[in-house]
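Notes for the structure review
Here's the letter readout for the chains.
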Amino acid sequence: MPMLPVVTEDIITMLRSELEASSEDWKRALVQRIREDNPEVNTLLLEAAKAADDPKSLILGGYLVYCALEVAEHAEESL
């Protein structure tokens, strides 16, 4: 099984800054990108959200984790 990339504190700080700077625009862009790039992950998050007490938070959390792993993977590839 392949190892997941390491999500550093710098990546977390960057994502928090992007989310706080323009949360609605950033969320819309992220949702659209994941829908296009990985519809399977998008479907999985939507299905999980149906059973959640707070579906929007679950989906946002899933998208943030996806984005963090994606950024970490790109960072590791560039080393």
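If you're wondering where the values come from, they're calculated on a predicted model, not measured in any experiment. (Residues numbered from 1 in each chain as written. Predicted model: local features only at pLDDT ≥ 70, side-chain atom pairs only at ≥ 80, totals over all residues. Heavy atoms only, no water.)

Quick notes on the confidence of the model for the protein
Across the protein, the average pLDDT comes to 91, with 100% of residues at or above 70. Mean pLDDT across the secondary structure elements of the protein bottoms out at helix α2 (residues 23-37), with 85, and peaks at helix α3 (residues 39-50), with 93. (pLDDT = per-residue confidence, 0-100. Helix = DSSP H or I, 4+ residues; strand = E, 2+ residues; numbered from the N terminus.)

Remarks on the packing of α3 against helix α4 (residues 55-77)
Running from N to C, α3 and α4 cross one another at 150 degrees; their axes reach a closest spacing of 9 Å. Judged by the inter-axis angle, α3 sits roughly antiparallel to α4. Where α3 crosses over α4, the handedness of that crossing is right-handed. Touching Val41, Asn42, Leu45, Leu46, Ala48 and Ala49 of α3 are Pro55, Leu58, Ile59, Gly62, Tyr63 and Tyr66, all from α4. When grouped by side-chain class, the residues that make up the contact of α3 with α4 number ten nonpolar, two polar and no charged. (Axes fitted to C-alpha atoms, helices over the stretch in contact; angles between N-to-C directions. Parallel < 35°, antiparallel > 145°, perpendicular 65-115°, else oblique. Left-handed = near helix turned anticlockwise from the far one by under 90°. Contact = heavy atoms within 4.5 Å. Nonpolar A, V, L, I, M, F, W, Y, C, P; charged D, E, K, R; others polar.)

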